[in-house]
Amino acid sequence: MSLYFEGQYNQTIADVTKGNNPWATGLGLQLFFRQQSIFKPTIEFTADAYLMDDKVYRGYLDGTPVGSFRDMVNLFTGVSVHPIPNAYVSFLAGPSFIGSQTLLGLKPSLGFYFSSKQKVTGKISYINILEREARAKQNFTSISIALGVKLY
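Keep in mind that this is a model prediction, so the values were computed, not measured.

Draft legend 1. The arrangement of the pairing of strand 5 (residues 87-98) in detail. By the bridge criterion, nine bridges tie strand 4 (residues 71-84) to strand 5 in an arrangement that is antiparallel. Residue pairing in the sheet places G78 in a bridge with L92 of strand 5. Counting the residues between successive antiparallel strands, the hairpin from strand 4 to strand 5 contains two residues. With twelve bridges joining them, strand 5 and strand 6 (residues 101-113) adopt antiparallel strand pairing. Its bridge partner being in strand 6, V89 is matched across the sheet by L110. The turn joining strand 5 and strand 6, which pair antiparallel and follow one another in sequence, is formed by two residues; a positive phi near 60 degrees is taken by G99.

Draft legend 2. Main features of the side chain of Q8. Tracing the backbone through its elements, the reader meets Q8 in strand 1 (residues 2-14). Residue classification places Q8 among the buried positions, given a relative accessible area of 6%. A polar side-chain atom of Q8 sits 2.7 Å from a polar atom in the side chain of D48. Discounting residues that sit within four places of it in the chain, Q8 has contacts with A24, T25, G26, T46, D48, K107, S144, I145 and A146.

Draft legend 3. Spotlight on the sheet that holds strand 4. What the eight strands build is a closed barrel, ordered 1-2-3-4-5-6-7-8; its pairing is antiparallel. This sheet shows a mean twist of 25 degrees between the axes of neighbouring strands, independent of strand direction. Bridge count for strand 2 (residues 23-32) against strand 3 (residues 39-49) is eight bridges, and the pairing is antiparallel. In the strand pairing of strand 3, G26 is matched with D48.

Conventions used here
- Residues numbered from 1 in each chain as written.
- Predicted model: local features only at pLDDT ≥ 70, side-chain atom pairs only at ≥ 80, totals over all residues.
- Heavy atoms only, no water.
- Pairing = 2+ DSSP bridges.
- Helix = DSSP H or I, 4+ residues; strand = E, 2+ residues; numbered from the N terminus.
- Buried < 20%, exposed > 50% of the residue type's maximum accessible area, 1.4 Å probe, protein only.
- Polar contact = N/O pair within 3.5 Å; in protein donor to acceptor, adjacent residues only side chain to side chain.
- Contact = heavy atoms within 4.5 Å.
- Axes fitted to C-alpha atoms, helices over the stretch in contact; angles between N-to-C directions.

Here's what the structure looks like:
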C-alpha cells in the first residue's frame, strides 16, 4: 500500500448558494493498493472547510431557506490507472457528507508525481456532488488542486 497525506484547495464552480461557499481548504488521505497491474484500487478520505461567506440570506419563494454549509467530508473509493510511472488517472465515488446531508459524490482526477521515487504528488480533480439541493435540482461542483507527500 502507498499512503499520501494531502493538502488541498477547492474552488466552487456551481452551487445554489455559491456565494456562501466560494472556496475551501482541507486535508486528506489517499491510499493506493499496489498491484502488478496498471489498475490500482484506491481509497480517499478528505475533509474541507468553507471559510468565506457573503452573508446573504437565500430562500425559496415560500420563505424556506436554501441550505448552506460550512464543511464537506468525502469518503471515496474506486480505481486509479497508472499508465506511466509519473502520472495516473483515478475515478472515485462514494458518500459525501455536507452539513446534515449524505449524498453521492463523484471525483475523477488527474495525478502526477514530481519524481520517479513518487514521494511527492500533485492532483487536479473535478468533484460533483449529486443533488446537493434537491428542491433546486442542482449539483454541487468544484475543482480541487491537491499536493501530497508519501507517508509510506
